[in-house]
Amino acid sequence: MDEETIVALATPPGRGGIAVVRLSGSQSEAVLGQIFQGLPRAPRPRHSYHGHLHDAGRRIDECLAVLFRGPRSYSGEDMAEISLHANPFIVEAAVSLACRCGARPALAGEFSYRAFRNGKLDLLQAEAVNELIRSNSRAFSLMEFGNLEGRLSREVAGIRRALLKAAVDVETGIEFSEDQHVAAGGGVAGLAGAAAALDGILAGSRFSEALNRGLRVAIAGRVNVGKSSLFNALLLKERSITSALPGTTRDYIEETLRLDGFSFRLTDMAGLRPASADDVEHEGMRRSLEQIARADAVLFMVDASRPPGRDDVEIHRLTEGKRRLLLANKSDLAREEALRRIRERFPGETPHLVSARSGDNLGAVTAFLKELLRDMPDPSGAVAVNLRQKTLLERLRETLRRILDRQAGTAPEAELLAEEIRRGLDLIGELTGAVSAEDVLHGVFASFCIGK
Amino acid sequence: MRIVVIGGGHAGIEAACAVARMGAEAVLLTMHLETVAQMSCNPSIGGIAKGHLVREIDALGGAMARAADATAIHFKVLNRSKGPAVRATRTQNDKAAYRGYLMDFLESVPRLQLYQSVAAGIEVRNGRAVGVRLLEGGLLEADAVVICSGTFLDGRIFIGAASYPAGRANEPPSLQLAENIRALGFATVRLKTGTPMRLHADSIDWGAFTPQPGDEPPQPFSLAPPRRPRNRVLCHLGHTGPEVGHIVRDHLHLSALYSGKIAGIGPRYCPSIEDKIVKFPDRERHHFYLEPEGLRTKEIYANGLSSSLPVEVQRMILKAIPGLERAVIVRPAYAIEYDAIQPTQLHPTLESRQVGRLFFAGQVNGTSGYEEAAGQGLVAGINAVLRARGEPPFILERNEAYIGVMVDDIVRRGVDEPYRLFTARAEYRLQLREDNVFERLGGHALRHDLVSRRDYDREARRLERRRRLLRRLSLAKSRLDDKSETLFQILKRPGMSLPDLERLHGSPLLRGMTLLDASYVEARVKYEGYIEIQEREVAKMKKMAATVIPPDLDFAAVAGLSTEIRQKLSQARPATLRDAACLPGVTPAALNAIGIHLALKHGR
């Protein structure tokens, strides 16, 4: 049997045209087969296949995939590479999906390490990799859980205790079944609390994502209202293709805007309009709705030259509950009648007359964004979780669920229950260092009067 | 070629037998021929993890399983309600019959010579053992020596305030050998263990106890049991009450354990009655078992009442236990302190690192239990012959056998209390079962001439029958809950057993199959998936074990290690990447960093 299959983003993080996610290890083809639609039954190595990244049938991105068979690959092992649109969400989705299918996030330098071990890199190249690791060692050591201060390590320590207690309980039942006072099972029940704590961490990790990546601000509005122009005006560069044809921005595009040392992730997305026959656009629409749902705030844009229509009302409804700024674009073409109707339609919201094209009154937008910053909740309650930790925690959550299910089942086989608990402890071990049999036995002797 | 084995206990017997079976000449040196194969403590063999060991010993041609089957008077499978991996066999044995059976057997083994004498020291020349000096004078020359001296090295017995040197009750210890071992430079550790009182059967009010019958049908240990197993006695379960707690607390200052007389460390899993009462003051009741020591003796072993209190206090305790008010002590409980060598001084072959061709096995290595001793005796005996012949060593891996887990544990980590096997110590527990010892160890046994070709073929045929049934289960279908599923899938459901499946399917599946055959098949079905995960772990473990960390590696030069981990590694100096992985707090990221560093600096 081979080593674990690893996965990571291979291109520099951030924006570019294309992002490459790379898998290495014996399971590469199997993992690719599960997350990529478009591979024939017997794929040819070193051949590019067009298809879709998908999550249980739901398409996430159109992409290209290539398989490599060891030793004819970068690492010398079986490998797969997926070229995706360089979008952090898509990249994260691809890595998470691969992890769900049995891969694990690669450690720093691991691809190169494997390549070197398999004789694919010479010493000089490998030294360079080592240097890279050295220079990244601050980030690297942050991945070492023991160094993490604060809530995360406390929470994980709590879950570790709960798992250890469950292990002690179940193992005692196995080793000392004749000691009749030993009633196994109580410790396992304590895992429900651990599962809840994990949910909290994982939910918290979404908040810390917001801190790391910046607040998400979506530009919403019906087709051709000028969203892309606003996006570009705010970023002061031509990023998305603007044209007079409705529906040009078929997918969303994201860019980071820095303001007062804090970043905002500005999303420009497909115009919202009722489903069309065009499948790709339909998919873009669906994703736009998703973007709205994920956004921390919305710039809601209407046309100052036209009274609001059904689409505007619908989009207004969809962005209900979000922090929202009402923008009336095309101030140069504004008509009083239209503005009056806008005020009527959206009572309680002040329309800010702007011109995305000329940059008129964009200060209203930056003022709104700064205000968002001031209203941010106190970040001290947040839990910093990186992707590797997050993957492990999600697996741990899954393991806890299986343990609780098994425990609740009709015939909980003690040794299989113990096996799942061990796997949970192994996962914790990957965060905190190994939990040994001796730790468990120590718990057994400390908690139970054992021995006839 | 001659191998001398010192000590005629459970380790020594297996060592000498293995040597003789492999074609070398074995001399089994014992202080006292009458007590060869003595069960010094409880009258039983096996138990959880220990039953597993006994079957492994059997599969490797050892004597223990057959001796236990031949002399068992009560059979039980523990954890019967749990899955195949943790079910384990235990027998109660007639101690005198056990000694007799093994003595007869030893006398019949070709190339094995029994010799009653006292070892005074190991003769070492050029850094290797060349023989054993005897107290009577003279030197017994040997190509290798195996020391299986049990608790006899500087043994000292404690009962209350009294103490005297002994290897076992009223048997002299090995003082000269202990001194010699220390002089050879071995680091020793002082350990302690204890044994309960033996009572006269006629003085016990049996009506006060709950009878514990053996299992029907009884299940023997050996692949080829010497006779039909039969339950002949009952064990009994009883409880102490709060009164015993008061007595123990009032007299604690008289206990050798609590008065500070005993410095040795005792086993946590086998506490004395005073330990139980001190450490768990909230428990008013402690249970114990009454177990017959044999068919022709009235002695009853009071399992659970071991103590180092004075005999008069032991009597007071008995008086306070319902049913034992008039119990007569035939042999008092006692604690014993003894020297063990720190087993980190041994190779995984159990050969010592500092003196070549000198092997250690059994309790002298800091373990406890007859089965643990026997398993080590086997390993030491086999390796003594291989070493003397210049052949590659015999080392069982952690995923192959509990014997492998035990040896790896003690030589790698050492002991700080008497070491006992638990299934919890095995990472690959689902694979180390009582039902698959042949599959795991049959090949090793045949290769080293430990079993006959005929016995091997018989078990190979049995394995083929089991596999045939498995194939049948994956092909045949039955309807359950309105769905047609393969029998394999149906059996995989929680709570479903092979007999259940037979009823459902309506045709005999288990004809000609033993309980263990059924257990094997169930395990293969129920553990499917889990076993594959474990196999991946095994592959990873092997790869890591093969990556050697040079002893002079400067961990400060390894990029990407946290200061804390760096310190830990510098202190522990792990020999391989796997040893590093076993250190607390060492993460996979750290292991990766070390791996990269090694690849760069030391080539592949």
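Residues numbered from 1 in each chain as written. Chains lettered and ligands numbered in written order. Predicted model: local features only at pLDDT ≥ 70, side-chain atom pairs only at ≥ 80, totals over all residues.

Caption draft 1: Layout of the overall build of chain A. When helices and strands are tallied, chain A shows 16 helices and 13 strands. Every one of the 452 residues in chain A was classed for burial, and the buried ones make up 44%. A separation threshold of at least 6 residues defines the contact pool for chain A, and within that pool the share at least 24 residues apart is 65%. (Helix = DSSP H or I, 4+ residues; strand = E, 2+ residues; numbered from the N terminus. Buried ≥ 20, exposed ≤ 12 C-beta atoms within 10 Å, placed from the backbone. Contact = placed C-beta atoms within 7 Å.)

Caption draft 2: Inspection of the overall build of chain B at higher detail. A tally of regular secondary structure across chain B gives 19 helices and 23 strands. Taken against the 2.2 N^0.38 rule, which gives 25 Å for 604 residues, the C-alpha radius of gyration of chain B at 25 Å falls within 12% of a compact globule. A total of 604 residues make up chain B; the buried ones form 52% of that total. Summarising the internal contacts of chain B: among those between residues at least 6 apart in sequence, 72% fall at separations of at least 24. (Rg over C-alpha atoms; globule rule 2.2 N^0.38 Å.)

Caption draft 3: Broad picture of helix α8 (residues 311-319) of chain B. Residues and elements named next belong to chain B. For α8, the set of buried residues is Val313, Gln314, Ile317 and Leu318. Around the axis of α8, the buried residues are gathered within 145° of arc, so they sit on the same side. Contact partners of the buried residues in α8: α6 (242-250), α7 (273-279) and β19 (329-331). (Arc of directions from axis to C-beta.)

Caption draft 4: Examining the sheet that holds strand β1 (residues 6-9) of chain A more closely. All names here are of chain A. Pairing is mixed in the open sheet, where 7 strands are placed in the order β3-β4-β5-β6-β2-β1-β7. At either end of the open sheet lies a strand with only one pairing partner, and these are β3 (36-37) and β7 (104-105). Here β1 pairs with β7 via 2 bridges, running parallel. Paired with Val7 across the bridge in β7 is Pro105. (Pairing = 2+ DSSP bridges.)

Caption draft 5: Looking closely at unusual backbone geometry. Gly70 of chain A connects to Pro71 of chain A through a cis peptide bond whose omega is 0°. Locating Pro71 of chain A in the fold gives a position in the loop between β5 (58-68) and β6 (79-85). The omega angle of the peptide bond from Glu216 of chain B to Pro217 of chain B is -5°, so this bond is cis rather than trans. You can see Pro217 of chain B is positioned in the loop between β15 (210-212) and β16 (235-240). If you check the backbone angles, Ala49 of chain B has positive phi at about 75° while not being a glycine. What makes Ala49 of chain B buried here is the crowd of 26 C-beta atoms within 10 Å. Positive phi values are uncommon outside glycine, yet Arg573 of chain B reaches one of about 45°. With respect to the helices and strands, Arg573 of chain B occurs in the loop between α17 (563-572) and α18 (577-581).

Caption draft 6: Local environment of the pairing of strand β12 (residues 162-165) of chain B. Residue and element names in this part refer to chain B. Where strand β11 (residues 156-159) meets β12, 4 bridges bridge the pair, whose relative direction is antiparallel. Looking at the pairing, Ile159 lines up with Ala162 of β12. Between β11 and β12, which pair antiparallel in sequence order, lie 2 residues; one of them, Gly160, sits at a positive phi of approximately 60°.

Caption draft 7: Up close: the sheet that holds strand β8 (residues 128-134) of chain B. Residue and element names in this part refer to chain B. Here 3 strands make up an open sheet; going across it, the order is β7-β8-β9 and the pairing antiparallel. At either margin of the open sheet sits one strand with a lone partner, and together these are β7 (119-125) and β9 (139-141). On average, each strand axis in the sheet is tilted by 35° relative to the strand beside it, whichever way the strands run. (Axes fitted to C-alpha atoms, helices over the stretch in contact; angles between N-to-C directions.)

Caption draft 8: Looking closely at the domain arrangement of chain B. Taken domain by domain, chain B holds domain 1 (2-190 + 340-447), domain 2 (198-337), domain 3 (453-530) and domain 4 (547-602). A straight line from the C-alpha centre of domain 2 of chain B to that of domain 3 of chain B covers 41 Å. (Domains from an automatic or database assignment.)

Caption draft 9: Highlighting the confidence of the model for chain A. Mean pLDDT for chain A: 76, with 70% of residues reaching 70 or above. For residues 237-248 of chain A, every residue scores under 50 in pLDDT, and the model assigns this stretch 25 contacts once sequence neighbours within four places are set aside. (pLDDT = per-residue confidence, 0-100.)

Caption draft 10: Molecular detail of the pairing of strand β22 (residues 477-480) of chain B. Relative to strand β23 (residues 483-486) of chain B, β22 of chain B runs antiparallel, the two sharing 4 bridges. Residue pairing in the sheet places Leu480 of chain B in a bridge with Lys483 of chain B of β23 of chain B.

Caption draft 11: Quick peek at the nonpolar core. Within the largest apolar cluster, 187 residues are counted, with the highest numbers of intra-cluster contacts made by Val5, Val145 and Val146 of chain B. Ranked by residues supplied to this core, first place goes to helix α6 (residues 151-175) of chain A with 10 residues. If near-sequence neighbours (up to four positions away) are discounted, Val145 of chain B is found in contact with Val4, Ile6, Ile122, Ala129, Val132, Arg357, Leu358 and Phe359 of chain B. Counting 51 residues, the second-largest nonpolar core is a separate cluster that includes Ala8, Val31 and Tyr113 of chain A together with Phe555 of chain B. (Core = buried A, V, L, I, M, F, W, Y, C linked by C-beta atoms within 7 Å.)

Caption draft 12: Representation of the confidence of the model for chain B in the model. Taken residue by residue, chain B gives an average pLDDT of 93. The fraction at 70 or more is 99%. Both scores are available for the predicted complex, with the pTM at 0.76 and the ipTM at 0.87.

Caption draft 13: Broad picture of the environment of Ser478 of chain B. All names here are of chain B. Along the polypeptide, Ser478 turns up in strand β22. Ser478 sits in the partly exposed class, given 16 other C-beta atoms within 10 Å. Sequence separation between Ser478 and His505 is 27 residues; the distance between their C-alpha atoms is 6.1 Å. Once residues within four sequence positions are removed from consideration, Ser478 is found in contact with Glu485, Leu487, Ile490, Leu504 and His505.

Caption draft 14: Local environment of helix α10 (residues 402-413) of chain B. Residue and element names in this part refer to chain B. The end-to-end C-alpha separation of α10 is 16 Å, in line with the 16 Å expected for 12 residues at 1.5 Å each. All of the buried residues in α10 are Tyr402, Ile403, Gly404, Val405, Met406, Val407, Asp409 and Ile410. Directly beyond the C-terminal end of α10, a positive phi value near 75° is found at Gly414. (Expected span 1.5 Å × (residues − 1).)

Caption draft 15: Main features of the environment of Leu430 of chain B. Considering the arrangement of structural elements, one finds Leu430 of chain B in the loop between α10 and α11 (437-447). Overall, the presence of 23 C-beta atoms within 10 Å leaves Leu430 of chain B in the buried class. Sequence separation between Leu430 of chain B and Val86 of chain B is 344 residues; the distance between their C-alpha atoms is 8.1 Å. Apart from residues no more than four positions distant in its own chain, Leu430 of chain B is found in contact with Glu415 and Glu419 of chain A together with Ala85, Tyr527, Tyr530, Ile531 and Gln534 of chain B.

Caption draft 16: Expanded view of the packing of helix α9 (residues 370-389) of chain B against α10 of chain B. Residues and elements named next belong to chain B. Look at α9 against α10: their axes get within 10 Å of each other, and the N-to-C directions meet at 85°. On the basis of the axis angle, α9 is roughly perpendicular to α10. Every residue of α10 that contacts α9 at Glu372, Gly375, Gln376 and Val379 is listed here: Ile403, Met406 and Val407. (Parallel < 35°, antiparallel > 145°, perpendicular 65-115°, else oblique.)

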